[in-house]
Amino acid sequence: MSAPLTLDGNMSRAKAQRALTEAFTKAGLDSAALDARVLTCAALGIDHAGLLRDPDLPLGEAASSLMAFAKRRLAREPVSRILGRREFFGETYAVGPAVLDPRPDTETLVEAILSALGGRANEALRLLDLGTGSGAILGALLRQFPRAIGFGVDLSPAACAIARQNLDALGLCGRAFILAGRWLAPISGRFDVIVSNPPYIEAEAVAGLDPEVRLYDPRLALDGGVDGLEAYRAIASAAASHLAPRGILAFELGADQAAAVDSILRSCGLEPIGRRRDLAGRERVILAGLEIQP
Ligand code: GLN
């Protein structure tokens, strides 16, 4: 058994970074070296270039905050939550306990919408993001569609507060409106885009997820009911009466859910029009339009 991780103010930045990498590797963390570097930079308030420039400077007062960061990571808290922020589609979003940590995979959902609606990018589109969480999907879309307005809905008032904070910070508060409620219940009117990354994990599978997810993402954002498909049914059953002519519904999919969601969409008067794979090659997104135009 090796000595537990200890840091003090006299230790050099480079030595501290190595000590964290070693502790994280021993703990079985996948991205030990990257996490060690990012947390070391954050505790010191410097960027990667700063760390490379002055590796021999002592940690100084940053030692105690770096130690606290390391303990949290060893308790499997994701780096994004330790820092309280995450990059998504080129912007930075605050994350807190009330919201799902936005995943790089979900950028596939944004990309699928951009390519489906690319020709309409300068129209005054109406967007709706259901289960908006941090507001990352809505923020990314509003940035790409400069004349659009967007509504984000979340059941959690605490999540709504974070989404508002994030959209304000992006200068989008004049075009983004966040409402607390269940799926389409607080919404009226028709939309050119209805998008959701809903909870889609089978209830019984939540306990078997990685600790970073199971212990830190809100269960509300993960648990899709017994078969993982409850949110898709709830949203799809109300979506047809809220899609504008030529409007699209875009869902993120959990593993191996494409066929099941395809048939839920068809049973709700919606016509699947495309699927998109993520970088790992998994079917991650399904798009649908109205079967019969209003
Ligand atoms: N993508 C998350 C995961 O893999 C789940 C998020 C969700 O249920 N929408 O754990």
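For clarity, every value in this text was computed on a predicted model and none was experimentally measured. Along every chain, residues carry numbers that run from 1 in the direction the sequence is written. The predicted origin of the model limits local features to residues at a pLDDT of at least 70 and limits the giving and counting of side-chain atom pairs to 80 or more, whereas totals for whole chains, interfaces and linings rest on all residues. Computation of side-chain values covers all heavy atoms of the structure but excludes hydrogens and water.

Undergrad: Summarise the overall build of the protein chain; cite the residues concerned and give the values.
TA: Secondary structure elements are taken from DSSP: a helix is a run of H or I of four residues or more, a strand is a run of E of two residues or more, and numbering for both begins at the N terminus. When you go through the protein chain residue by residue, the secondary structure sums to eleven helices and nine strands. Its C-alpha atoms give the protein chain a radius of gyration of 21 Å, within 12% of the compact-globule value 19 Å for 294 residues. Expressed as lengths along the three principal axes of its C-alpha atoms, the size of the protein chain is roughly 70 × 40 × 35 Å. Relative accessibility thresholds used throughout: buried, under 20% of the residue-type maximum; exposed, over 50%; partly exposed, between the two (1.4 Å probe, protein chains only). Looking at the protein chain as a whole, 50% of its 294 residues qualify as buried. We call two residues contacting when some pair of their heavy atoms lies within 4.5 Å. Within the protein chain, residue pairs in contact and separated by at least 24 positions form 65% of the contacts whose partners lie at least 6 positions apart. Only the protein chains shown count as cover for residues, with accessible areas throughout obtained via the Shrake-Rupley method and a probe of 1.4 Å. Working note: accessible area of the protein chain is about 13500 Å², and carbon and sulfur atoms make up 53% of it. Within the protein chain, the 35 negative side-chain charges are centred at a point lying 2 Å from the centre of the 32 positive side-chain charges. The globule rule used for comparison is 2.2 Å times the number of residues to the exponent 0.38, while the radius of gyration itself is calculated over C-alpha atoms. Counting rule for charge: Lys and Arg are taken as positive, Asp and Glu as negative, and neither His nor the chain ends is counted. Throughout, a charge is located at the NZ atom of Lys, the CZ atom of Arg, the CG atom of Asp or the CD atom of Glu.

Undergrad: Any chance you could break down helix 2 (residues 32-44) for me, citing the residues and the numbers?
TA: Expected helix span is computed as 1.5 Å times (number of residues minus one). Helix length check: helix 2 (13 residues) gives 18 Å between terminal C-alpha atoms against 18 Å at 1.5 Å per residue, within 8%. Looking at the packing, one finds that the buried side of helix 2 touches helix 1 (13-26), helix 3 (48-53), helix 4 (62-74) and helix 5 (79-83).

Undergrad: Give me the nonpolar core: which residues, what numbers.
TA: Working definition of a nonpolar core: buried Ala, Val, Leu, Ile, Met, Phe, Trp, Tyr and Cys residues. They are joined through side-chain atoms within 4.5 Å. Counting 34 residues, the largest nonpolar core has Leu-128, Leu-249, Leu-265 and Leu-270 as the members making the most contacts within it. Contributing elements (two or more residues each) for this core: strand 3 (126-130), strand 4 (149-154), strand 6 (191-196), helix 10 (230-239), strand 7 (243-252), helix 11 (258-267) and strand 9 (283-290). At five residues, the largest contribution of residues to this core is made by helix 10. Non-local contacts of Leu-128, meaning those with residues more than four positions away in its chain, are made with Phe-151, Val-153, Leu-184, Ile-187, Phe-191, Val-193, Ile-194 and Val-195. Core analysis: the next-biggest nonpolar cluster, separate from the first, contains 31 residues, Phe-88, Tyr-93, Ile-137 and Leu-142 among them.

Undergrad: Got a sec to walk through the environment of Cys-160? Specific residues and values, please.
TA: With respect to the helices and strands, the residue Cys-160 is situated in helix 8 (residues 157-169). Between the alpha carbons of Cys-160 and Trp-183 there is a distance of 13 Å; along the sequence they are 23 residues apart.

Undergrad: Before we move on, can you summarise the sheet that holds strand 6 with the specific residues and values?
TA: The strand order 5-4-3-6-7-9-8 describes an open sheet built from seven strands, whose pairing is mixed. At either end of the open sheet lies a strand with only one pairing partner, and these are strand 5 (176-180) and strand 8 (270-277). Sheet twist, expressed as the mean angle between neighbouring strand axes with direction ignored, is 20 degrees. In this analysis, strands are considered paired if DSSP registers two or more bridges between them. Relative to strand 4, strand 3 runs parallel, the two sharing five bridges. Note on strand 4: the bridge partner recorded for Leu-128 is Phe-151. Axes here mean lines fitted to C-alpha atoms, for a helix over just the part in contact, with angles spanning 0 to 180 degrees between N-to-C directions. Packed onto the sheet, helix 8 meets strand 4 and strand 5 and runs at close to 175 degrees relative to strand 5.

Undergrad: Kindly report on the packing of aromatic side chains, identifying the contributing residues and their values.
TA: Think of a pair of aromatic rings as described by two things: how far the centres are apart, and how the planes are tilted against each other in angle. Whether two aromatic rings pair depends on their centres lying within 6.5 Å, for rings of Phe, Tyr and Trp, where Trp uses its six-membered ring; planes under 30 degrees apart make the pair stacked, over 60 edge-to-face, and the rest tilted. What the rule picks out here adds up to five aromatic pairs. Taking 6.4 Å as the distance between ring centres and 75 degrees as the angle between the ring planes, the aromatic pair formed by Phe-88 and Tyr-93 counts as edge-to-face. Residue classification places Tyr-93 among the buried residues on the basis of a relative accessible area of 1%. With a centroid separation of 5.8 Å and 80 degrees between ring planes, the pair formed by Phe-151 and Phe-191 is classed as edge-to-face.

Undergrad: Give a detailed account of the side chain of Ser-156, specifying residues and quantitative values.
TA: For Ser-156, the position within the fold is in the loop between strand 4 and helix 8. Residues within four places of Ser-156 in sequence aside, it is in contact with Ala-98 and Leu-220.

Undergrad: Account for the site of the ligand, naming residues and giving values.
TA: Only a single heavy atom is needed: when it lies within 4 Å of a molecule or strand, its residue is near that molecule or strand. Taken together, the residues surrounding the ligand are Arg-103, Asn-197, Pro-198, Pro-199, Tyr-200, Ile-201, Val-213, Ala-221 and Leu-222. For the purposes of these results, a polar contact is taken to be a pair of N or O atoms within 3.5 Å, where, inside protein, one atom must be able to donate a hydrogen and its partner to accept one; residues adjacent in sequence count only when each atom of the pair is a side-chain atom. Measuring from a nitrogen atom of the ligand, one finds a backbone N or O atom of Pro-198 at 2.6 Å. Ala-221 is positioned with one of its backbone polar atoms (N or O) 3.4 Å from an oxygen atom of the ligand. Coverage of the ligand by the protein amounts to 85% of the 300 Å² it exposes when considered alone. Nonpolar residues are Ala, Val, Leu, Ile, Met, Phe, Trp, Tyr, Cys and Pro. Charged residues are Asp, Glu, Lys and Arg, and all others, Gly as well, are polar. When the residues that make up the shell around the ligand are grouped by side-chain class, the tally is seven nonpolar, one polar and one charged.

Undergrad: I'd like to hear about the pattern of salt bridges, residue by residue, with values.
TA: Each salt bridge in this description consists of a side-chain nitrogen of Lys or Arg and a carboxyl oxygen of Asp or Glu lying within 4 Å of one another. Counted according to the given criterion, the structure contains 20 salt bridges. Between Arg-143 and Glu-91 there is a salt bridge, and its shortest N-O distance comes to 3.0 Å. In this pair, Arg-143 sits in helix 7 (residues 136-144) while Glu-91 sits in strand 2 (residues 91-94), placing the two residues 52 residues apart along the sequence. One salt bridge connects Asp-223 with Arg-219, and the closest N-O pair in it is separated by 3.1 Å. The structure contains a network of salt bridges with shared partners spanning Asp-262, Arg-266, Arg-275, Arg-277 and Glu-283.

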